[in-house]
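Structural features, examined
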Amino acid sequence: MSSGTGSAAWLAKERPDLERSAEIAALAREVKNYLEYMGELGVDRLPRVEVPAPAVNENVQPPAAQTAPQPAAPRLETLEGIRDELGDCTRCLLHQGRKKLVFGEGAPEAAVMFVGEGPGHDEDLQGRPFVGRSGQLLTDIIVKGMQMRREDCYIANVVKCRPPENRDPLPEEAKTCLPFLLRQIRAVKPKVIITLGRVAAQYLLDTEESVARLRNRFHDLEGIPVMPTFHPSYLLRTPAKKRETWDDIKMVLARLREEGILS
């Protein structure tokens with residue numbers, strides 16, 4: 001290979017921009033020579049070539065803008081729907097001794113939700129939560145202490161049927177009912193939950209800690225702060241614990257004020 005050819009190859013490899021410039025210059029010279037030749041033949045202008053426009057089919061619509069499919073909005077569950085699904089529940093053996101199922105009551109969008117362990121004698125007769133002596137004490141805590149109306153709160157229990165002789169719910173009983181309670185909580189979406197007594201705190205928070213160790217600080221349930229405190233029936237037997245319960249309630253009130261729920 002000659003040195004000139006080798007130099008051209010090296011230049012094309014190292015400086016491709018120079019190679020393109022040389023090609024353009026060569027093409028310009030060819031066009032110039034062609035025009036001079038046509039002029040010698042007496043042609044003073046080149047013929048104009050008409051390029052036909054592409055045919056347009058008026059029946060064809062332009063493609064629509066492509067948009068990403070939007071996910072369907074989540075279906076919001078209501079307390080009425082949960083109650084309808086619960087029906088005349090026979091999912092565990094507690095139904096055999098109950099008189100009335102106690103679903104829960106209160107404002108469907110309550111800022112405060114109370115959760116107890118299960119219905120007692122009076123609740124079983126009336127089909128409403130916390131209507132006996134312990135219920136009256138809870139009402140006093142809400143109305144006199146928290147300066148709220150009971151009907152503005154939501155009140156429910158871990159189990160919906162009265163356990164025999166007011167015993168603690170058995171694990172299989174509580175675990176059968178717990179999904180319905182969680183669905184109630186998601187439907188209400190309270191700003192804070194107050195659990196009343198050991199059973200409610202342990203099942204809702206999935207712990208074996210005692211109320212004495214759990215109380216006076218917030219815990220988390222699906223992003224909702226939970227304050228465990230003593231059950232009103234325990235306070236009736238142990239009045240000295242009312243002061244500690246009030247300390248827990250004051251923390252709840254302070255939390256609600258921070259969020260602008262209470263003034």
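Focus: the nonpolar core
Met 113, Val 115, Tyr 154, Leu 181, Ile 185, Ile 193 and Leu 204 are the most contacted members of the largest nonpolar core, which has 33 residues in total. Going through the elements one at a time, helix 3 (79-86), strand 2 (112-116), strand 3 (154-157), helix 6 (171-188), helix 7 (198-205) and strand 6 (224-229) are the ones with two or more residues in this core. Element by element, the count of residues in this core is highest for helix 6, at 9 residues. In contact with Leu 204, other than residues within four places in its own chain, are Val 115, Leu 178, Leu 181, Leu 182, Ile 185, Ile 193, Thr 195 and Leu 221. The next biggest cluster of nonpolar side chains, apart from the first, holds 23 residues, and it includes Leu 138, Ile 141, Met 146 and Met 227.

Looking at the side chain of Thr 195
Within the secondary structure, Thr 195 is located in strand 4 (residues 192-196). Using a relative accessible area of 0% as the deciding quantity, one classes Thr 195 as buried. Those residues within four positions of Thr 195 in sequence are excluded, and the remaining contacts are Val 115, Ala 200, Ala 201, Leu 204, Val 226, Met 227, Pro 228 and Thr 229.

Some remarks on the side chain of Gln 184
Secondary-structure assignment places Gln 184 in helix 6. Owing to a relative accessible area of 0%, Gln 184 belongs among the buried residues under this scheme. Polar side-chain contacts of Gln 184 include one of 3.1 Å to the backbone oxygen of Phe 103. In terms of polar contacts, Gln 184 uses its side chain to reach the side chain of Tyr 154, at 3.1 Å.

Some thoughts on the pattern of salt bridges
In total, this model carries 17 salt bridges according to the counting rule given. Between Asp 88 and Arg 98 there is a salt bridge, with its nearest N and O atoms 2.5 Å apart. Remark: Arg 98 occurs in the loop between helix 3 and strand 1 (105-106) and Asp 88 occurs in the loop between helix 3 and strand 1; sequence separation between them is 10 residues. Exposure remark for Asp 88: the relative accessible area of 65% places this residue in the exposed category. For Arg 98, a relative accessible area of 14% puts it in the buried group. Put simply, Arg 255 and Glu 259 hold a salt bridge, and the shortest N to O gap is 3.8 Å. Residue classification places Arg 255 among the partly exposed residues on the basis of a relative accessible area of 27%. Connected through shared salt-bridge partners, Arg 215, Lys 241, Glu 244 and Asp 248 make up one network.

A word on the confidence of the model for the protein
With 73% of its residues at a pLDDT of 70 or more, the protein shows a mean pLDDT of 86. pLDDT under 50 marks residues 1-8. Its contacts with residues more than four places away, or in other chains, come to 1 contact.

Quick notes on the environment of Tyr 203
Positionally, Tyr 203 belongs in helix 7. Sequence spacing of Tyr 203 and Pro 171 is 32 residues, and the spatial spacing of their C-alpha atoms is 9.0 Å.

Some details on the packing of aromatic side chains
Considering all chains together, one arrives at 1 aromatic pair under this definition. Over the ring of Phe 103 we find Lys 160; its NZ or CZ atom is 5.5 Å from the centre of that ring. The ring of Phe 218 has Arg 255 lying over it, and the distance from NZ or CZ to the ring centre is 4.8 Å.

A word on helix 7
Of all the 8 residues making up helix 7, 6 are buried; the element is thus mostly covered by neighbouring parts of the structure. Of all the positions in helix 7, only Val 199, Ala 200, Ala 201, Gln 202, Leu 204 and Leu 205 are classed as buried. Buried residues belonging to helix 7 abut strand 2, helix 6, strand 4, helix 8 (211-214), strand 5 (219-221) and strand 6. One or two residues past the end of helix 7 sits Asp 206, with phi positive at roughly 55°.

Here we look at unusual backbone geometry
Its identity is not glycine, yet Glu 165 carries a phi of approximately 55°, on the positive side. Given a relative accessible area of 74%, Glu 165 falls into the exposed group. The phi angle at Asp 206 is positive, at roughly 55°, despite the residue not being glycine. Assignment of secondary structure puts Asp 206 in the loop between helix 7 and helix 8. Using a relative accessible area of 71% as the deciding quantity, one classes Asp 206 as exposed.

Reading guide: rules and limits
Residues numbered from 1 in each chain as written. Predicted model: local features only at pLDDT ≥ 70, side-chain atom pairs only at ≥ 80, totals over all residues. Heavy atoms only, no water. Core = buried A, V, L, I, M, F, W, Y, C linked by side-chain atoms within 4.5 Å. Buried < 20%, exposed > 50% of the residue type's maximum accessible area, 1.4 Å probe, protein only. Helix = DSSP H or I, 4+ residues; strand = E, 2+ residues; numbered from the N terminus. Contact = heavy atoms within 4.5 Å. Polar contact = N/O pair within 3.5 Å; in protein donor to acceptor, adjacent residues only side chain to side chain. Salt bridge = Lys/Arg side-chain N within 4 Å of Asp/Glu carboxyl O. pLDDT = per-residue confidence, 0-100. Phe/Tyr/Trp six-rings, centres within 6.5 Å; stacked < 30°, edge-to-face > 60°. Lys NZ or Arg CZ within 6 Å of the ring centre and 35° of its normal.

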